[in-house]
Amino acid sequence: MANKGPRTVVLPSAEKAAALVKKMRGEVDSNENYRSKSLRINGAICAKCGREFDQGNLSLLTVHHRDGNHHNNPPDGSNWENLCIHCHDDEHSRGELGEYFSKTT
Ligand SMILES: [Zn+2]
Ligand SMILES: [Zn+2]
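(A) Summary view of the overall build of the protein chain. For the protein chain, the count of helices and strands is 4 helices and 2 strands. Along the chain direction, N to C, the helices and strands of the protein chain fall in the order α-α-β-β-α-α. If you take every contact in the protein chain between residues at least 6 apart in sequence, the share linking residues at least 24 apart comes to 54%.

(B) Up close: the pairing of strand β2 (residues 80-84). With 4 of 5 residues buried, β2 is to be regarded as a mostly interior element. As paired strands, strand β1 (residues 61-65) and β2 are joined by 5 bridges and run antiparallel to one another. Residue pairing across strands places His65 opposite Trp80, the latter belonging to β2.

(C) Molecular detail of the confidence of the model for the protein chain. For the protein chain, the average pLDDT comes to 82, and 75% of its residues sit at 70 or higher. Here helix α4 (residues 96-104) stands out as the element of the protein chain with the lowest mean pLDDT, 55, in contrast to β2, whose mean of 97 is the highest.

(D) Up close: the environment of Ala44. Summarising the element assignment, Ala44 is placed in the loop between α2 (34-42) and β1. Using a count of 16 C-beta atoms within 10 Å as the deciding quantity, one classes Ala44 as partly exposed. For the pair Ala44 and Asn82, spaced 38 residues apart in sequence, the C-alpha separation works out to 7.5 Å. Once you skip the residues sitting within four places of it in the chain, Ala44 turns out to touch Leu39, Glu52, Phe53, Asp54, Leu58 and Leu61.

(E) Spotlight on the environment of Asn72. Looking at the element boundaries, Asn72 is found in the loop between β1 and β2. With 13 C-beta atoms counted inside 10 Å, the residue Asn72 sits in the partly exposed group. Put simply, Asn72 and Tyr34 are 38 residues apart on the chain and 9.9 Å apart in space, counted from C-alpha to C-alpha.

(F) Seen up close, the environment of Asn42. By the secondary structure assignment, Asn42 is in helix α2. What makes Asn42 partly exposed here is the crowd of 17 C-beta atoms within 10 Å. Spatially, the C-alpha atom of Asn42 lies 9.8 Å from that of Ser78, the residues being 36 residues apart in sequence.

Thresholds, definitions, all that
Residues numbered from 1 in each chain as written. Chains lettered and ligands numbered in written order. Predicted model: local features only at pLDDT ≥ 70, side-chain atom pairs only at ≥ 80, totals over all residues. Helix = DSSP H or I, 4+ residues; strand = E, 2+ residues; numbered from the N terminus. Contact = placed C-beta atoms within 7 Å. Buried ≥ 20, exposed ≤ 12 C-beta atoms within 10 Å, placed from the backbone. Pairing = 2+ DSSP bridges. pLDDT = per-residue confidence, 0-100.

As structure tokens, then:
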């Protein structure tokens, strides 16, 4: 019985697995981090009322999607607009914001 041939089970190396996780994370990140990206691109300031934000109240500044599609997140930020929650609410004013928040949190 030729039972000694080492059977090579191809397991992903730790390196490959890490890369895979990174890739998966990257996809998730690109969606979740559009806010911080938009803040970096557009600045921590409301595009409507011009109110400026800092670390203490930054959570009040939200990212509005110009075309209303939260999945449309071009890296150049062309679909993002930073709006404070009041202006953002105003922008939608139809309860769409509730959906927006449930998706981001
Ligand atoms: Zn505002
Ligand atoms: Zn919006």
